[in-house]
Amino acid sequence: PHLRTYAYRAQNHPNAAARLLLETVVRKKSNLSVSVDVTSADDFLAIIDAVGPYVCLIKTHIDIIEDFTPGLIQKLQALSQKHDFLIFEDRKFADIGNTVALQYSSGVYKIASWAHITNAHTVPGPSIITGLASVGLPLGRGLLLLAEMSSNGSLATGSYTEEAARMARANPNFVMGFIAQRRMETVGLTTCETAGEDDFLVLAPGVGLESKGDAMGQQYRTPREVILKSGCDIIIVGRGVYGSPKNLDIQEVRNQAGRYRTAGWEAYEERVLSQ
Ligand code: UP6
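Calculation rules
Residues numbered from 1 in each chain as written. Predicted model: local features only at pLDDT ≥ 70, side-chain atom pairs only at ≥ 80, totals over all residues. Helix = DSSP H or I, 4+ residues; strand = E, 2+ residues; numbered from the N terminus. Rg over C-alpha atoms; globule rule 2.2 N^0.38 Å. Contact = placed C-beta atoms within 7 Å. UniProt positions renumbered as here; feature names shortened; annotations may be inferred. pLDDT = per-residue confidence, 0-100. Near = placed C-beta within 6 Å. Nonpolar A, V, L, I, M, F, W, Y, C, P; charged D, E, K, R; others polar. Axes fitted to C-alpha atoms, helices over the stretch in contact; angles between N-to-C directions. Parallel < 35°, antiparallel > 145°, perpendicular 65-115°, else oblique. Left-handed = near helix turned anticlockwise from the far one by under 90°. Expected span 1.5 Å × (residues − 1). Buried ≥ 20, exposed ≤ 12 C-beta atoms within 10 Å, placed from the backbone. Pairing = 2+ DSSP bridges.

**Some words on the overall build of the protein**
Now for step 1: Regarding its fold elements, the protein presents ten helices and eight strands.
Now for step 2: For 275 residues, the compact-globule formula gives about 19 Å, and the C-alpha radius of gyration of the protein, at 17 Å, lands near that figure.
Now for step 3: Seen through its principal axes, the protein has C-alpha atoms that stretch 55 × 45 × 40 Å.
Now for step 4: Here the contacts in the protein between residues at least 6 apart in sequence split such that 73% fall between residues at least 24 apart.

Structure follows, in structure tokens:
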């Protein structure tokens, strides 16, 4: 699927949130998702307003905001309308089906009511998908499975990654793709199986143009390595765009978002043309 255009894939995807995301990518010529990992609501909104024109998707960790109020979600949704992007809450669910259904629908954050996309670890097994789908599928939401992680020493490798790929293939209506570092179509297939027609989007974190990593095990690759060489679909960039939240320079945030958007899009065009 990654050899096809985003526009073609938008027309054929079985998941509603994936279709919306691919349509947004095409409209905005952007495969950039900015991860807004700051703890103040004002900084959160200022960064999103600045990068909004350059992104297809804003990724949140809503539980790190110190001064969260439900009004923040209304402001986030207003920015999503203003700038035409989707919202991905990077919740990384990891419990039994009944518990994740409650965590997804209820509590302070009511994630399912505003996040088009969320994600889950596969460690509990397929029942985590059943639990989340019971809430998200009727709302037209999409789920990403964490098949790999960008951090050094990650245990999500080998047969764990293969099982994640199989779990997605068994649930292609709600599972729209993966958090991973490469394509997953052929991962975990037995020798007599061939890759099906399923189109799973691969969203890749661990992307930076300058730095190779941080002091806590994060590892970065360039947009070109991620999109062109590894065949991923969306680059997720956090600190590469906004630097240190301690000295936010909004004009610089805007410039960096533009720079990552261009790098991601040129790598995609090169990928499509190379076929
Ligand atoms: N993230 C990773 N690696 C993964 C999965 N998720 O970095 O395998 C998330 C982090 C963070 C963002 O939780 O929100 O992506 C990366 O931020 P950074 O670009 O500032 O390193």
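**Re the UniProt feature "domain: Orotidine 5'-phosphate decarboxylase" (unreviewed entry) in the protein**
Now for step 1: The UniProt entry lists residues 31-253 under the feature "domain: Orotidine 5'-phosphate decarboxylase" (unreviewed entry), expressed in the numbering used here.
Now for step 2: The distance from the first to the last C-alpha atom of residues 31-253 is 17 Å, and the span holds 32% helix and 17% strand.

**Considerations on the confidence of the model for the protein**
Now for step 1: Averaged over all residues, the pLDDT of the protein equals 97, while 100% of them reach at least 70.
Now for step 2: Confidence estimates for the predicted assembly give a pTM of 0.98 and an ipTM of 0.99.

**So, the site of the ligand**
Now for step 1: As a structural note, the neighbourhood of the ligand is formed by 16 residues, with Met 149, Ser 150, Pro 205, Gly 238 and Arg 239 the closest of them.
Now for step 2: Counting only elements with at least two residues in the shell around the ligand, the list comes to β8 (234-237) and α9 (239-242).
Now for step 3: Looking at the shell around the ligand, its residues break down into five nonpolar, eight polar and three charged.

**Structural notes on the packing of helix α3 (residues 41-51) against helix α10 (residues 250-273)**
Now for step 1: Contact pair α3 / α10: the axes reach a minimum separation of 8 Å and the direction vectors enclose 45°. The orientation of α3 with respect to α10, classified from their angle, is oblique. The element α3 and its partner α10 pack so that their crossing is right-handed. Here Ala 46, Ile 47, Ala 50 and Val 51 of α3 lie close against α10, whose contacting residues are Ile 250, Val 253, Arg 254 and Ala 257.
Now for step 2: Split into classes, the residues belonging to the contact of α3 with α10 amount to seven nonpolar, no polar and one charged.

**Some remarks on helix α4 (residues 70-83)**
Now for step 1: Here α4 contains 14 residues, and its C-alpha end-to-end distance of 21 Å stays within 8% of the 20 Å for a straight helix at 1.5 Å per residue.
Now for step 2: Looking one or two residues past α4, Asp 84 carries a phi angle of roughly 65°, positive in sign.

**Things to note about the pairing of β8**
Residues in a regular strand point their side chains to alternate faces of the sheet.
Now for step 1: Because side chains alternate across β8, one face comprises the buried residues Ile 234 and Ile 236, and the other comprises Ile 235 and Val 237, equally buried.
Now for step 2: Examined bridge by bridge, strand β1 (residues 32-35) and β8 share three bridges and lie parallel to one another. Looking at the pairing, Val 34 lines up with Val 237 of β8.
Now for step 3: As defined by bridge partners, strand β7 (residues 201-204) adjoins β8 across two bridges and the pair is classed as parallel.

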